[in-house]
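Breakdown of the fold
Here are the chains, one letter per residue:
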Amino acid sequence: MRVLTGIKIRLNTVAFLLLAWPIAAAASDALVRAREAAEHGSESRALEIAVNELERAPQDRELFLYALELLPENPSRHAAAISMIGKAGAEKNGGDYAWHLGLCKTRRIAGAAAAAVADCLRALELEPIVYPPYRELALTYAAAGDKTKAAEIFKRGTDVSPSDYRAHYRLA
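Just so it is clear, the model here is predicted, and its values are computed rather than measured. (Residues numbered from 1 in each chain as written. Predicted model: local features only at pLDDT ≥ 70, side-chain atom pairs only at ≥ 80, totals over all residues. Heavy atoms only, no water.)

1. A word on the overall build of the protein chain
Using the following cut-off: Working definition: helices are DSSP H or I runs of at least four residues, strands are E runs of at least two. Numbering for both runs from the N terminus. When accessible area is computed with a 1.4 Å probe and restricted to protein chains, residues below 20% of their type maximum are described as buried, those above 50% as exposed, and intermediate ones as partly exposed. By definition, residues are in contact when any of their heavy atoms lie within 4.5 Å. Where accessible areas are quoted, they stem from the Shrake-Rupley method and a 1.4 Å probe; at the residue level, only the protein chains shown are allowed to cover.
Counting its regular elements, the protein chain contains nine helices and zero strands. The secondary structure elements of the protein chain, listed N-terminal to C-terminal, are α-α-α-α-α-α-α-α-α. A buried classification covers 40% of the 172 residues belonging to the protein chain. Considering only intrachain contacts with a sequence separation of at least 6, the fraction spanning at least 24 residues in the protein chain is 54%. Summed over all atoms, the accessible surface of the protein chain reaches about 9,900 Å², with 59% contributed by carbon and sulfur.

2. Examining the packing of aromatic side chains
Two measures describe an aromatic ring pair: the distance that separates the ring centres and the angle between the ring planes. Rule in force here: Geometry of aromatic contacts follows a simple scheme: Phe, Tyr and Trp rings, the Trp one being its six-membered ring, pair when their centres are within 6.5 Å, and the pair is stacked under 30 degrees between planes, edge-to-face over 60, tilted otherwise. Whether a charge lies above a ring is judged from NZ of Lys or CZ of Arg, which has to be within 6 Å of the ring centre and within 35 degrees of the ring normal.
Applying the stated criterion to the full structure yields one aromatic pair. Summarising the aromatic geometry, the rings of Phe-64 and Trp-99 are spaced 4.7 Å apart at their centres and angled 45 degrees between planes, so their arrangement reads as tilted. Remark: Trp-99 occurs in helix 5 (residues 97-109) and Phe-64 occurs in helix 3 (residues 61-70); sequence separation between them is 35 residues. One residue, Arg-35, lies across the ring of Tyr-66, its end atom 5.1 Å from the ring centre.

3. Side note on the packing of helix 4 (residues 79-92) against helix 5
Filter applied, for reference: To obtain each axis, a line is fitted to C-alpha atoms, and for helices this fit is confined to the stretch in contact; angles are then taken between N-to-C directions over 0 to 180 degrees. Take the far helix as your reference; a near helix turned counterclockwise from it by less than a right angle gives a left-handed crossing, and one turned clockwise gives a right-handed crossing. Polar here means any residue other than Ala, Val, Leu, Ile, Met, Phe, Trp, Tyr, Cys and Pro, which are nonpolar, and Asp, Glu, Lys and Arg, which are charged; Gly is therefore polar.
It is the contact of helix 4 with helix 5, at a shortest axis distance of 8 Å, that shows an interaxial angle of 145 degrees. Between helix 4 and helix 5 the crossing geometry is left-handed. Contact residues: Ala-79, Ile-82, Ser-83, Ile-85, Gly-86, Lys-87, Gly-89 and Ala-90 in helix 4; Trp-99, His-100, Leu-103, Thr-106 and Arg-107 in helix 5. Residue composition of the contact of helix 4 with helix 5, by class: six nonpolar, five polar and two charged.

Right under this line is the structure:
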């Protein structure tokens, strides 16, 4: 009986992997297509590709982070979808900075700077050694009118990620 249970568990695992594999392949294909669109000068098309695929596969963290990077600072028709995906991701995996970073940016865009700061700080707490949480926190402070705090956070971001040209560009 024990052998049969072990076989059943392995078969269930294999079945799950076979069912999940096409979703993961489609999502990574969407990331490639989005990056290609952006490289050809169409960031809006790249964002559309990313968001459309995220609506099918919202757990794709890498695609979510790329969509977040592409999301413009002004209100966008994609901000609500990214916000919903970020909320769901934070509920399922609150220990991953990516979802909190998404909430930070979408709340800032929506004009909710205080809530955005809290989300940015949570993202930074979870992942203090990558640049994006610093970028989003600094942009949130800037949007709230605190230019001094924004400059301080941008500076910390360049210290954490000295080889990232985007960090130096934002600091300037």
